[in-house]
Every structure is written in structure tokens, then in C-alpha cells.
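# Structure at a glance
Listed below, chain by chain, are the residues.
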Amino acid sequence: MNKNSSNTMALAPNTSNKRETVCIFGTGDFGRALGHKMIQSGYPVVYGSRSTQISNLIPKDAEVLGHAEAAQKAAIIIIAIQRQHYNFLTPLSEVLRGKVLVDISNNLKLNQYPESNAEHLAQLLPGSKVVKAFNTVSAWALQSGTLDASRQVFVCGDDVEAKQMVMNIVRALGLTPLDKGSLLAAQEIENYPLQLFPMWKFPIFLSLGLTAFFFLYCVVLDIIYTYIYEKKDFSFFIAITIPNRVCPVMALILLALVYLPGIFAAIIQLYRGTKYRRFPDWLDKWMLGRKQLGLIALAFASLHAVFTLVTPLRAFASWRTGKGIISQALNNKTEPLNHTNAWLSDSYLALGILGFFLFVLLGITSLPSVSNNVNWREFRFVQSKLGYLALILCTAHTLVYGGKWFLSPSAYKWYLPNIYILSLIVPCAVLVVKFVLIFPCIDKRLTQIRQGWERNPKFSK
Ligand code: NAP
């Protein structure tokens, strides 16, 4: 074989890579954006439209024909038309028989119709193979290429081959198909774009509620109480002092709340003696929101770090330092360094820094791009073992800082405990119960249950 022949082979068109023609019904925003992307990816595109006039908005290399004529040119037809107009497809049922119809439609409200749009389409055209796809990708994202937030394309359908054909197109467009099963899943997929941060609702409402409670608690004890009993106006505490008390408290409590459902789950499994019974709904919901709770906790911890770093810049801080120096000068006495205090302050800072470092590590490993690159054991090691270590360090940080107030009567203004005492209740409870659960006799039984052992097996072997 001569040298030229290999060049000729390399330059010859690879016929096996030739893409099949795709038909798109509807030359609206989505139809045009998808057509554009498909042409870029090498698919010949033919539009089926009510008007065959070419407008300059339509991708330049696409053909525009009547619906029936366009459908005959392709095995896959993408229906880029709103559901309320689907009736016009019924007279085309013969042309569409055996073809793959891709339903990309969305609704305006959750569960707007008794059946999903894709199932409705399948009922209208029983001779066609309906596949649901692309509804979670926006026309704007397709056109502008900013697909970072929505690369996933949920696909479902009853015909496995048809679904595979659609998933191949999805991949060719540089997107990631996610098989959601049969067409029954279409209702759920159609609801996705209508949901606003569904996994974040519970963690956000819980955090807002607790933040409001602790903020008011501090306002009452630090501002109102001081004003009434000491006639001092500390209302400026609202800007930095109180937020810098609420943020660490929230970070610590939310971090503990990430691990508390796991403790409840372990107790329930030990009590029932089996893992084969569902957890109560509230616990399931709580477990699903753990990552979000952890990320909100990290946000509070980061705010605490920033608030603490700006403390020396505050007028109140320099006034207090100046006051100390002047009082020593007036008394002509230098106060010796209190070594206990120096140890306490350095220890609580060191514990806080280490705790924050682990907190950030937990946050980073919960990012999909990172968690996808570690195996299940590594992920569990970081999220469980290092997570508990972060909880221990942060609890110790608070204990060392606030411990001295626990016994002091001044900590109980209006018989209410100091906010740091409140913040330690949940973390300490979690750590104590966890400590009991890792006792070898209990841990062994829990491990057996998690490996399938049952105290009263339903089906005896
Ligand atoms: P659109 O701009 O309003 O376009 C809809 C197209 O449907 C029209 O351009 C028209 O095409 C055709 N049409 C309108 N009335 C019709 C009728 N009575 N009979 C037959 N065809 C008719 O809407 P779109 O934004 O492209 O959305 C199309 C579908 O994609 C919707 O189901 C939507 O939920 C879904 N979707 C849209 C987006 C998005 O970002 N826009 C994202 C995901 C999913 P002709 O004039 O060519 O006939």
C-alpha cells in the first residue's frame, strides 16, 4: 500500500458517522434553538411548520416543510409545540406511525393535567413511540451555549430502542442523558422545571426560623436587658456583635443537625432489629436535606470567620482597648499576663481554625465534581469520620470560649441561659449518643443489622 492511499482514506468522508435527519415540529424559540444546536452537531434538520416561508430566524441549513412532508423525512420527530395544540397531530397519525416522537413540553403549574403531556401524546398517537426528553434544558441555554447548570437531560419512555436513539442524540449534542425509566416518570420530569430549589426548602426555612429566634434572643439579652438595668445603649450591637454570636451558634447547631438524623436512624434500627422497614417520612426528608444543611452551616461558619477578622477594626474594640490601657496608666499598675486566659484564648482560636478547615473540606467534598471522583468509602470517610471530628472541634471551640459563663450567675439574665449554652445542647447530645453507639457491643449489632440481619425475620430461611 502506498503512502497516498492512507491519506486518501483519512480524507474520505466517514459514512458511518453520518447523522440521521431529525425533524422538528414547530419553529418557535425552542425548536429553533434545538435545531441550531443539532445542525452544529452534524444532524440534518427539517422543520415541520404551519408556514413553509423561510424566516431569517430559522437556522440557515435547515429545510422548512409542511408537517406531513417533514415527518416523512425522519425517524425521529421532536414536538416543539405546546401541549394545548397537540390535537393537530391526530390527522397525522398514519404518517407518524412507528416514528419516535420526542415530547419536550413543560406546563405552567405543578401537576397541571391528570396525566403527563408525554402520556397524553402517547394516547393521541398510539402507533408512535413517545419519549420524554429535553424539557429541563432552556432554549436560551441551548442558544448561548451556557449549559453548565443544565447539562443533564432526563429521558424516559416505554420503548427501549426509541429511548436509546434519543439518548444518542443527547450525547451528540454534548449533554448528559439520564434514563428515568418508563413513560410513567414523565409527570415527575415535567414537574422539575417548576420546582424552586426543592431540596433546599426545609433547610432554608429551618435556618431562617432558628436565626430569627437566636437574633431576637440576643437583642433581648444584650441590648434590651442592658438598657433597662444598666442604662447603657448598645443598640449598635445589631450590626456586628449579635450577628457574630448568631453565626457560630447557627453553624454549630446546623452541623449537629446534619448528624442527628443518622443517630435517630441507628436508634430506630436497633429498636426494630431490622433495616427492612421504612423510616418515618420526617426522618427520610431530614436525611435527604443533610447536604444542604451542611452547606448552610458552612456559610454561617464563613460569616463568623469574616466577622471575627474585622473585630479589631471596630470603634468599640479600640475604645475598649484604650480604656484598659488608660485605667492601667491611671492606677500606675501594669497587669501581668494571665497565663490561664492566654491558654484558653489560644486554644479556642486553634480549635476554631481546625474546625473551620474541616468544615471547608466537608463542603468541598460535597460538590458533585469532587464527590464523583472519590469512591464510596473515601466519601464516607470524609463525610462521616472527618465530619464528626469537625463537630468535636467546633463543639470544643464553643465550650472553651463560653464554658466560663456556664457557672457564672451573670450568664442567666432574666433566668435565661446564655446563647452559647443553648448552642451546645444539640451538638453535645449528638456526640454523647454517638459515643454510646460506637461501643463495640452496640456497634457490632448495628453493623449486623445494616448487613441484613433481622431479630425477627419475616421470611425464615
Ligand atoms: P413558542 O415559541 O411559542 O413556539 C411554539 C411553536 O408551536 C410555534 O412557533 C408554532 O410553530 C407552533 N404552534 C403554535 N400554535 C400551533 C398550533 N395551533 N398548531 C400547530 N403548531 C402550533 O414556544 P417554545 O418556547 O418554542 O416552546 C415549545 C415547547 O417547548 C413547549 O411545549 C415548551 O414547554 C417546551 N420547552 C420550551 C423551553 C424554552 O426555553 N422555550 C424549554 C423547555 C421546553 P410554527 O409556526 O412553525 O407552526
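- As recorded in an unreviewed UniProt entry, the protein goes by the name STEA4 Metalloreductase, listed as coming from Melospiza melodia.
- Taken from UniProt, the Subcellular location (unreviewed entry) comment for the protein reads in full: "Endosome membrane".
- Within the UniProt record for the protein, the comment given under Sequence similarities (unreviewed entry) is "Belongs to the STEAP family."

### Re the sheet that holds strand β8 (residues 176–179)
- Taken together, eight strands build an open sheet; the order of strands is β3-β2-β1-β4-β5-β6-β7-β8 and the sheet is mixed. The two strands at the open ends of the sheet, each matched to only one other strand, are β3 (63–65) and β8. Between one strand and the next, the sheet's axes are offset by a mean angle of 30°, whatever the strand orientation.
- The pairing of strand β6 (residues 129–132) with strand β7 (residues 152–157) spans two bridges and is antiparallel. Directly across from V131, in β7, lies its bridge partner G157.
- The sheet strands contacting helix α7 (residues 160–172) are β1 (22–25), β4 (76–79), β5 (100–103), β6, β7 and β8, and the helix crosses β8 at an angle near 155°.

### Observations regarding the site of the ligand
- The full set close to the ligand counts 19 residues, and T27, F30, S49, N106 and A139 are the nearest of them.
- A distance of 3.0 Å separates an oxygen atom of the ligand from a polar atom in the side chain of R50.
- Within the contact set of the ligand, a nitrogen atom lies 3.2 Å away from a side-chain nitrogen or oxygen of H85.
- Notes on the ligand: free accessible area 880 Å², of which the protein chains cover 77%.
- When the residues that make up the shell around the ligand are grouped by side-chain class, the tally is seven nonpolar, 10 polar and two charged.

### Comments concerning the pattern of salt bridges
- Under the definition given, this model contains 12 salt bridges.
- A salt bridge links K73 to E63; the nearest nitrogen and oxygen atoms lie 3.4 Å apart. Within this pair, whereas K73 is found in the loop between α3 (67–72) and β4, its partner E63 is found in strand β3, the two being separated by 10 residues in sequence.
- The residue D281 makes a salt bridge to R278 at a minimum N-O spacing of 2.9 Å.
- Exposure remark for D281: the relative accessible area of 55% places this residue in the exposed category.
- When salt bridges that share partners are traced, they join D103, K132 and E190 into one network.

### Describing the packing of helix α10 (residues 243–272) against helix α17 (residues 419–437)
- At their nearest, the axes of α10 and α17 sit 9 Å apart, and the two run at 30° to each other. It follows from the interaxial angle that α10 and α17 lie roughly parallel. Seen along the crossing, α10 lies across α17 with a hand that is left-handed. Between α10 and α17, the residues in contact are R245, V249, L252, I253, A256, L257, Y259, L260, I263, A266, I267 and L270 and I419, Y420, S423, L424, V426, P427, V430, V433, K434 and L437, respectively.
- Its residues assigned to classes, the contact of α10 with α17 shows 19 nonpolar, one polar and two charged.

### Quick notes on the packing of helix α16 (residues 376–406) against α17
- Viewed as axis vectors pointing N to C, α16 and α17 meet at an angle of 140°, and their least axial separation amounts to 10 Å. Here α16 is positioned oblique relative to α17, judged by the angle of their axes. Crossing handedness for the pair α16 and α17: left-handed. Judged by residue contacts, Y388, L391, I392, T395, T398, L399, Y401, W405 and F406 of α16 engage Y420, I421, S423, L424, P427, C428, V430, L431 and K434 from α17.
- Of the residues contributing to the contact of α16 with α17, the split by class is 14 nonpolar, three polar and one charged.

### Focus: the side chain of E190
- Note on placement: E190 falls in helix α8 (residues 186–191).
- Ignoring anything within four residues of it in the chain, the contact list for E190 reads D103, S105, N106, N107, S116, N117, A118, K132 and N135.

Definitions and cut-offs
- Residues numbered from 1 in each chain as written.
- Predicted model: local features only at pLDDT ≥ 70, side-chain atom pairs only at ≥ 80, totals over all residues.
- Heavy atoms only, no water.
- UniProt positions renumbered as here; feature names shortened; annotations may be inferred.
- Pairing = 2+ DSSP bridges.
- Helix = DSSP H or I, 4+ residues; strand = E, 2+ residues; numbered from the N terminus.
- Axes fitted to C-alpha atoms, helices over the stretch in contact; angles between N-to-C directions.
- Contact = heavy atoms within 4.5 Å.
- Near = heavy atom within 4 Å.
- Polar contact = N/O pair within 3.5 Å; in protein donor to acceptor, adjacent residues only side chain to side chain.
- Areas by Shrake-Rupley, 256 points an atom, 1.4 Å probe, with all protein chains shown as cover.
- Nonpolar A, V, L, I, M, F, W, Y, C, P; charged D, E, K, R; others polar.
- Salt bridge = Lys/Arg side-chain N within 4 Å of Asp/Glu carboxyl O.
- Buried < 20%, exposed > 50% of the residue type's maximum accessible area, 1.4 Å probe, protein only.
- Parallel < 35°, antiparallel > 145°, perpendicular 65-115°, else oblique.
- Left-handed = near helix turned anticlockwise from the far one by under 90°.

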